[in-house]
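Reading the structure
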Amino acid sequence: MRLLTLLLVLCYGTCVRAQIGLHPPSVDWQQIETDQGRIIFPKGYEARAQRVATLVELLNTQHAGTIGEQHYPFDLVLQTPNLTINGYVGLAPFRSEFFVSPPQQQNLLSTTDWVDLLTIHEFRHVQQNSNERRGITRLFSFLQGQYGWAVLSSLATPNWFSEGDAVIFETALTSAGRGRTPAFSAELRSLLAAGTDYSYAKARNGSFADLVPDHYRYGYAMLTFARERYGNDVWKSVVQDGAAYKSLLYPFSRALEKKTGYTTKTLYRATLAALQEAQDSALAARPPLVEGEAIGYPSREVVSYRFPQVSDDGSLLALRSGFQVTPELVRVDPTGQQKDQVLTSVGIQREPYFDVRGNLAVWMEARQDPRYTNLDYSDIVLYELGSGRKRKLTERGKFVSPSLSFDRRRIVAVSTDPLRGNPELVVLDTQSGAAIRRYPSAAANVIFPRFSPDGETIYFLEQSFAGIALLALNVESGETRVVRPRSTENVDLLRVAPNGTLTFSSGRDGVDNVYQLDPATGEVRQLTNVAIGAQMPYLSGGGDLYYTEPGPRGMRLHRLAVGGAEKGGGLLPGLPGGMLPAGPSFFERPAAYADEAVDLSAGVEAKTFPTRNFPDHLGGIKLHSWSYNGSYVVPGLTIEATNALETVALSLEGLYNINEDRYSGIARVSYGGLYPVLNLSGQFRDRNFLTLDPAPDTFLVRRRELQQLSFSAGAEVPWQWVAGDYLTSLTPAVAYTHYALRNAEGGGAAGNFGGVTLAVGFSSFRRMASQQVQSRLGIGLSVLYDRALGDENAGQRLLLRSALNLPGLWRTHGLRIELDYQREPAQNPYQFPDVFRYSRGYAAPVNDGVYRLGINYQLPLLYPEIGLAGITYFKRIRLNAFYDRSTFVIDQYDFTGSENSVGGQLLFDNTWLNTQDITIGAEFAYRLNQDLFSSDRNDFQFRFLLGGSF
């Protein structure tokens, strides 16, 4: 069974193809080549690329002892046009991308410089991948290239190890890192406080029903637990022996047990027990808690509230999101007697955010270039609370953290574009969105700018390699002064109270708490002492402190009456006895990495490596995989190559059908360096299709078998838009194909001929919350027209497929209406491959034209959350009830037939081998009409479903 599942995952992995040609052609790419690999970056970003190359060299030569010395060169692309907050390392090909625009929120990702953090964290994944290429994993890397390497590595090494180890690395080698940020562990600590105990399988694979901390959190906890007891290098032999498959079954767990006596499950249990004990001790040692009451409508749903604020009519507003709802601006009843009132949806954002002043709310939403989607934008949206009017103030901007002045006439925001230089503060007119003034910064990151009540000062956080400082900018002169000195303390979400004092959250005492600061004197008071974490504080003019705190069902709102924040007041009294002493969270476990701890980010001096131009069109093409493809009936081999910027992709595929003793093969080349994506292919395949004999006096169907050799050249333009909650795509395409047919059996086949294909695909769907089984609103449409040139009767086909998504009766349900049409004369001697979706339960009929109306209603049934010996994990069971109505015609005999059916599809959303999400299912269809083209007389039909077969 395990071998069968392994083959399943291998087959699935080879089907994944990356998009190509996503980089804007205006970028002039440069490269630095070192022994570690190749750093590829836009011209003008050289200074930062040199620092990255220096850090990578130091990490590889001086900080590999806890994972292994083995290293394989890789490509690293520094993406400056993209505002995504992320980075990754992947195989097939072995490359990494850093999206270098820094985040605004610091309480989770820490105060380490963003690109330094990416370099340390992501290069640890390079070290992991390199040292996993051993034993059987190495064997598969020879047999299947990097696909084999990637699949065997991911099957052997749990993702909680990969990410937990990388978080330890970033924490040990900097003065910050996620291991030191209390917000990083807040979800897990809230579960411990509530006595919620999930199984290892659930913690490993996640849940659609419950809030489960991800593998970063569990991984850091489990790895530091073992490091404290068995040494910093305890995991080195575990990961190497596991990836070598020294034990064929559960290789990582067996290697861990051999080293420590723990299996992965027992280590998980021991870790949670130790954390529970440590948390109980830490809470017992803290002074009496000073925390607010939970407010808002009580709900058992997984839902989170962020950025609580009060409007001018006294309403409490917050940004709400959850497992059943996408982000939306809501009015919250603090008494909890009434449900939240939804004011408006908030579109797709690079990170959650909104700001309120009076009757106006402002936030940013993501946009992107429709063709070159690695070039994206972040524009400011203004919302009027009274009228409900929403409008986009800027166009193709790169703005984050917009904030309104107290008089609502101006907005201050951060504009970030790493290629153009350091970020800058921009003051804009609220009505027109026009930029009034810009204030350049010398820092790597500028965070959460806020106007003072009189509008003469802008307060903001400034981040450099040495940490974060709080500065005040004089709007008139442009001069700045330091309000709070620079440090690595985790300061987040700066706000200005109506009395001119500043509030922020900080994890300085091991838990995120709220602090108030007098900008004139720099004096700080601690306002809360909570158990889990007080985040995103807002101090109202009426003396109420609002904040949000992580809990087992999401981030929930709290209110603490503190008083004295009205205009003209000063600092609040703060905690009895003053601020709590600074210290680490019990979750950090600094002893787990003490032997390798060093602030590498603060001490590095960038070298000067030679740079040269990188040919971004065809340069750097590498063969990366030669993988098994197909099935045990139709085995095959795929050879793939691409270049570092993924502007060109090449593949060669060969298949052999054992049952039919037939071969097929295809060679493809795609080039995305121009505005249209160009595609070339050559294909050999055996064809087997039915045609209708033109004799008028009898119904005679002929089966034609032939060998087809085709050569195709085409172009397509893949456009994609992001606007609000919707993702929209439009792809027009055209291709010319020359067909060479030979060895025809059955007679009457067309000779060699050329054909043209015209196609257009369009879709626009609303994004989904995690429990929703489909997009609740949207439309998809594709039109395909094929025409053989020369002989008008040689072959032609028109195919239309469409789908309309509508809301169901509940938020997690969905209605989908499908309407398909195909026209292809059955007498044509050549038939194009039939991809029409016929009524479920029926065989494909011989026809000249056919349409189908499909009505589907889909809903979740159960969340079993049951694992089966690490082979598969049942996360969700869905039901799709359907009705199909189809009519087909045969023109020659003036015949019209019907194929109607009802039934259901029972779908299982599973995670296989703790690695790959694959949906399997069973389809039960009842035929309401006789199937004229099937010898099976049973009207009850069953079909097994796998992956995209439904």
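Residues numbered from 1 in each chain as written. Predicted model: local features only at pLDDT ≥ 70, side-chain atom pairs only at ≥ 80, totals over all residues. Heavy atoms only, no water.

Per an unreviewed UniProt entry, the chain goes by the name PD40 domain-containing protein and belongs to Neolewinella lacunae. Checking UniProt for the chain, the heading Sequence similarities (unreviewed entry) contains the comment "Belongs to the TolB family." (UniProt positions renumbered as here; feature names shortened; annotations may be inferred.)

1. Some remarks on the overall build of the chain
Counting secondary structure elements, the chain contains 12 helices and 48 strands. Its C-alpha atoms give the chain a radius of gyration of 30 Å, within 12% of the compact-globule value 30 Å for 950 residues. Out of the 950 residues belonging to the chain, those deemed buried represent 58%. Of the contacts made within the chain by residues no fewer than 6 positions apart, 59% connect residues no fewer than 24 positions apart. When the accessible area of the chain is evaluated, it comes to approximately 37,300 Å², of which 55% is carbon and sulfur surface. One way to put it: in the chain the 90 positive side-chain charges average out to a point 1 Å from where the 96 negative ones average out. (Helix = DSSP H or I, 4+ residues; strand = E, 2+ residues; numbered from the N terminus. Rg over C-alpha atoms; globule rule 2.2 N^0.38 Å. Buried < 20%, exposed > 50% of the residue type's maximum accessible area, 1.4 Å probe, protein only. Contact = heavy atoms within 4.5 Å. Areas by Shrake-Rupley, 256 points an atom, 1.4 Å probe, with all protein chains shown as cover. Lys, Arg positive; Asp, Glu negative; His and termini not counted. Charge placed at Lys NZ, Arg CZ, Asp CG, Glu CD.)

2. A few points about helix α3 (residues 114-132)
Relative to the 27 Å expected for 19 residues at 1.5 Å per residue, α3 spans 27 Å between its end C-alpha atoms, a close match to the ideal helical length. Taken across its 19 residues, α3 has 19 buried, putting it largely inside the fold. Taking the backbone nitrogen of Val115 as reference, a side-chain oxygen 3.2 Å away marks Asp113 as the first, capping residue of α3. (Expected span 1.5 Å × (residues − 1). Polar contact = N/O pair within 3.5 Å; in protein donor to acceptor, adjacent residues only side chain to side chain.)

3. Some points on the nonpolar core
Ranked by size, the top nonpolar core spans 36 residues in total, and within it Trp160, Phe161, Tyr218, Trp235 and Tyr268 carry the most contacts. Mapped by element, the contributors of at least two residues to this core are α5 (159-172), α6 (182-194), α7 (200-205), α8 (215-230), α9 (234-243), α10 (251-260) and α11 (264-285). Counting residues per element, this core draws most heavily on α8, which supplies seven residues. Those residues within four positions of Trp235 in sequence are excluded, and the remaining contacts are Trp160, Phe161, Met222, Leu223, Ala226, Arg227, Phe252, Leu256 and Leu267. (Core = buried A, V, L, I, M, F, W, Y, C linked by side-chain atoms within 4.5 Å.)

4. Points about the pattern of salt bridges
A pair can form between side chains of opposite charge whenever their charged atoms are brought close. With the rule as written, the count across this model stands at 53 salt bridges. Asp116 serves as the salt-bridge partner of Arg51, at 2.6 Å between the closest nitrogen and oxygen. With Arg51 in helix α2 (residues 46-62) and Asp116 in helix α3, this pair connects stretches of sequence that are 65 residues apart. The class for Arg51 is buried, based on a relative accessible area of 8%. Owing to a relative accessible area of 1%, Asp116 belongs among the buried residues under this scheme. The salt bridge partner of Arg484 is Glu489, with a shortest N-O separation of 2.9 Å. Judged by its relative accessible area of 16%, Arg484 is buried. Each of Arg816, Glu818, Asp820, Arg837, Arg840, Arg852 and Asp884 takes part in one network of salt bridges that share partners. (Salt bridge = Lys/Arg side-chain N within 4 Å of Asp/Glu carboxyl O.)

5. A look at the side chain of Asn900
Relative to the elements of secondary structure, Asn900 occurs in strand β46 (residues 895-912). Classification of Asn900 by relative accessible area gives buried; the value is 9%. If sequence neighbours within four positions are ignored, Asn900 has contacts with Tyr842, Tyr883, Asp884, Arg885, Ser886, Tyr926, Arg927, Leu928 and Asn929.

6. Some points on the sheet that holds strand β9 (residues 328-332)
If you trace the four strands from one edge of the open sheet to the other, you get β7-β8-β9-β10, paired in antiparallel fashion. Strand pairing shows two members of the sheet lacking a second neighbour, β7 (303-310) and β10 (341-345), which therefore form its edges. For this sheet, the mean inter-axis angle between neighbouring strands, taken without regard to orientation, is 30°. Note that β7 and strand β8 (residues 316-322) share six bridges and pair antiparallel. Residue pairing across strands places Arg306 opposite Leu319, the latter belonging to β8. (Pairing = 2+ DSSP bridges. Axes fitted to C-alpha atoms, helices over the stretch in contact; angles between N-to-C directions.)

7. Thoughts on the layout of surface pockets
In this structure, the second largest pocket occupies an estimated 1,000 Å³ of space. Around the second largest pocket, the lining is made up of 36 residues, and of these Ile666, Ser681, Gln683, Ser712 and Thr737 lie nearest the centre. Where the lining of the second largest pocket is concerned, the elements lending two or more residues are β33 (648-657), β34 (662-671), β35 (677-692), β36 (701-716), β38 (726-745), β39 (753-766) and β40 (778-788). The element best represented in the lining of the second largest pocket is β36, accounting for eight residues. (1 Å grid on protein atoms, 1.4 Å probe; cavity = no way out; pocket = protein on both sides within 12 Å on 5 of 7 lines; lining within 4 Å. Points joined across faces, edges and corners; volume = space filled by probe spheres on them.)

8. So, the sheet that holds strand β19 (residues 445-451)
Read across the sheet, four strands follow the order β19-β20-β21-β22 without closing on themselves; strand pairing throughout is antiparallel. Lying at the two open borders of the sheet, with one neighbouring strand each, are β19 and β22 (480-487). For this sheet, the mean inter-axis angle between neighbouring strands, taken without regard to orientation, is 15°. Where strand β20 (residues 457-464) meets strand β21 (residues 467-474), eight bridges bridge the pair, whose relative direction is antiparallel. Each residue of the ladder has a partner; that of Tyr459, found in β21, is Ala472.

9. Thoughts on the packing of α6 against α8
Running from amino to carboxyl end, α6 crosses α8 at an angle of 80°, the nearest separation of the two axes being 9 Å. Comparing the axis directions of α6 and α8 gives the class roughly perpendicular. On α8, the residues touching Phe184, Leu188 and Leu191 of α6 are Tyr216, Arg217, Tyr218 and Tyr220. Its residues placed into classes, the contact of α6 with α8 shows six nonpolar, no polar and one charged. (Parallel < 35°, antiparallel > 145°, perpendicular 65-115°, else oblique. Nonpolar A, V, L, I, M, F, W, Y, C, P; charged D, E, K, R; others polar.)

10. As for unusual backbone geometry
Residues other than glycine predominantly adopt negative phi, and peptide bonds predominantly adopt the trans conformation. Following Ala92, the chain continues into Pro93 via a peptide bond in cis, with omega recorded as 5°. Tracing the backbone shows Pro93 in the loop between β4 (86-90) and β5 (95-99). Its identity is not glycine, yet Asp894 carries a phi of approximately 50°, on the positive side. Assignment of secondary structure puts Asp894 in the loop between β45 (872-890) and β46.

11. Remarks on the side chain of Arg840
Here Arg840 is to be found in the loop between β42 (814-823) and β43 (849-862). Sequence-distant contacts of Arg840, defined by excluding residues within four places in its chain, comprise Glu818, Arg852, Asn856, Asn880, Phe882, Asp884, Ser901, Gln905, Glu923, Ala925 and Arg943.

12. A few points about a nonpolar patch on the surface
A cluster of nonpolar side chains, Leu618, Ile621, Leu650, Val669 and Leu680, forms an exposed patch at the surface whose accessible area comes to about 400 Å². Along the chain, Leu650 falls in strand β33. Judged by relative accessible area, Leu650 falls into the partly exposed class, the value being 32%. (Patch = residues over 30% accessible without salt bridge, like charges linked within 9 Å, V, L, I, M, F, W, Y side chains within 5 Å.)

13. Some words on the pairing of strand β41 (residues 796-807)
Bridge analysis of β40 against β41 gives 10 bridges, and the strand direction is antiparallel. Considered in β41, the bridge of Gly778 is made with Asn805. For β41 and β42, the ladder comprises 10 bridges, and the chain directions are antiparallel. If you follow Leu804 over to β42, its bridge partner there is Ile817. Between β41 and β42, which pair antiparallel one after the other, the connecting turn spans six residues.

14. Examining the packing of aromatic side chains
Counted according to the given criterion, the structure contains 30 aromatic pairs. With a centroid separation of 6.0 Å and 70° between ring planes, the pair formed by Phe225 and Tyr262 is classed as edge-to-face. Of this pair, Phe225 sits in helix α8 while Tyr262 sits in the loop between α10 and α11; the two residues are 37 residues apart in sequence, bridging distant segments of the chain. Exposure remark for Phe225: the relative accessible area of 3% places this residue in the buried category. Accessibility expressed as a relative area gives 22% for Tyr262, which makes it partly exposed. For the ring pair Tyr353 and Phe448, a centre distance of 6.3 Å and an interplane angle of 20° mean the geometry is stacked. One end of the pair, Tyr353, is in the loop between β10 and β11 (355-357); the other, Phe448, is in strand β19, and 95 residues separate them in sequence. On the basis of relative accessibility, which here comes to 1%, the residue Tyr353 falls in the buried class. (Phe/Tyr/Trp six-rings, centres within 6.5 Å; stacked < 30°, edge-to-face > 60°.)

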